[in-house]
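Summary of structural features
Here is what each chain is made of, one letter per residue.
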Amino acid sequence: MQKRGISCDGNEYCLNESEDWECILHYIRLRARIREKLGSDVVFAARLGISKTSLSLRLNNQLHFSQRDIYNSMRILQIRPDEVGAYFFERPRCEEFYF
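So, a few notes on the structure that sits alongside this text. The structure presented is a predicted model; accordingly, all values stated were derived computationally and were not measured. Residue indices follow the written sequence of each chain, beginning from 1 at its first position. At least 70 in pLDDT is required for a residue's local features to be given in this predicted model, at least 80 for side-chain atom pairs to be given and counted, and no such filter applies to totals for whole chains, interfaces and linings, which use all residues. Hydrogens and water are ignored here; the side-chain numbers use all heavy atoms of the structure.

1. Things to note about helix H3 (residues 52-59)
- Listing the buried residues of H3 in full gives Ser 54, Leu 55, Arg 58 and Leu 59. Down the axis of H3, the sector holding all buried residues measures 135 degrees, keeping them to one side.
- Contacts are residue-level and defined by heavy atoms, with any inter-residue pair within 4.5 Å sufficient. Only DSSP runs of H or I covering at least 4 residues are called helices, and only runs of E covering at least 2 are called strands; the numbering of each starts at the N terminus. For H3, the elements touching its buried residues are helix H1 (28-37), helix H2 (41-48) and helix H4 (67-77).
- Among the residues trailing H3, Asn 61 stands out with phi positive, at a value near 65 degrees. For every residue, the accessible area obtained with a 1.4 Å probe (protein chains only) is divided by the maximum for its type, and the residue is called buried under 20%, exposed over 50%, and partly exposed between those limits. Here the arc refers to the directions that run from the helix axis out to each C-beta atom.

Listed below in structure tokens is the structure:
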């Protein structure tokens, strides 16, 4: 079952009951950028210097991206500093609310 959370900026986000809404990020734009620039997650993981499994864990919120990961990703994927938030700090929005 999902529940809703409200961030400090007033936006609502969906989570499973066991998740903390402050920690959930989604990487839809990052995944699209990886495919656009490099073609696959495997190539990106290799360029980033981590395993495909490690990348998958990061993209699925099981591990966090470190500052070094983010910096190197910006360089590899040609992400400008003003775009970083859209790729690494995007939270999922609720489309349905459960009370």
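2. What about the side chain of Asp 41?
- Tracing the backbone through its elements, the reader meets Asp 41 in helix H2.
- Those residues in contact with Asp 41 that sit more than four places away from it in its chain are Ile 34, Arg 35, Lys 52, Leu 55 and Leu 59.

3. Some remarks on the pattern of salt bridges
- We define a salt bridge as a contact between a side-chain nitrogen of Lys or Arg and a carboxyl oxygen of Asp or Glu at a distance within 4 Å. Following the criterion strictly, the structure yields six salt bridges and no others.
- Taking the shortest distance from any N to any O, the salt bridge between Asp 69 and Arg 58 comes out at 3.0 Å. Pair noted here: Asp 69 is in helix H4 and Arg 58 is in helix H3, with a separation of 11 residues, a long-range link.
- Among the residues examined, Arg 58 registers a relative accessible area of 12% and is labelled buried.
- For the salt bridge of Arg 80 with Glu 83, the shortest nitrogen-to-oxygen distance reads 3.4 Å.
- A relative accessible area of 47% places Arg 80 in the partly exposed class.

Keep in mind that these numbers describe shape and distance, not what the molecule does.
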